[in-house]
Amino acid sequence: MLLVGQDQATVEADLGVFVPTGKQAWGGLLRCVPMRLAAAMQQSGEALLRMPGGQERRIRPAGKPRLDRQGRLVVAFIGEGTIPTE
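Given the structure is predicted, the values throughout are model-derived calculations rather than measurements.

Asker: Looking at this model, I keep getting lost on unusual backbone geometry. Mind explaining?
Answerer: With the exception of glycine, most residues fall at negative phi, and the peptide bonds are largely trans. One non-glycine residue, C32, lies in the positive phi region at around 65 degrees. With respect to the element layout, C32 can be found in the loop between β4 (25–31) and α1 (35–44).

Okay, here's the thing in structure tokens:
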């Protein structure tokens, strides 16, 4: 679930871990993001991602939204805090 302000929507999230400068970080791609939420996320610079198990993590956009080959809106993001375990 993606939450931006008071608005929310169910999205698909592909999560990953990366090590850009020796420090472990996480992020990924959100797929099927409604246009209004993608715009709000870009404007505010942050959102909240709720995992299926109930964990919540603050995320911020990494670049501009784009369409994938299936025409779904995709938003790349960087996660804050600990890496989700679910």
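Asker: Help me understand the environment of L37 in this model?
Answerer: Among the secondary structure elements, L37 is positioned in helix α1. Through-space distance from the C-alpha of L37 to that of G5 is 9.2 Å; in sequence the pair is 32 residues apart.

Asker: Which parts of the structure should I look at to understand the pairing of strand β8 (residues 73–79)?
Answerer: Side-chain direction in a regular strand flips from residue to residue, so the side chains alternate between the two faces of the sheet. Among the seven residues that make up β8, five are buried, leaving the element largely enclosed by the rest of the structure. One ladder, built from five bridges, connects β4 with β8; its direction is antiparallel. Paired with R31 across the bridge in β8 is V74. Bridge count between strand β6 (residues 56–61) and β8: three bridges; the pairing is antiparallel. Within β8, the residue paired with R60 across the bridge is I78. Here strand β7 (residues 66–67) folds back onto β8 in antiparallel fashion, the turn holding five residues, of which G71 has a positive phi close to 80 degrees.

Cut-off values and rules
Residues numbered from 1 in each chain as written. Predicted model: local features only at pLDDT ≥ 70, side-chain atom pairs only at ≥ 80, totals over all residues. Heavy atoms only, no water. Helix = DSSP H or I, 4+ residues; strand = E, 2+ residues; numbered from the N terminus. Buried < 20%, exposed > 50% of the residue type's maximum accessible area, 1.4 Å probe, protein only. Pairing = 2+ DSSP bridges.

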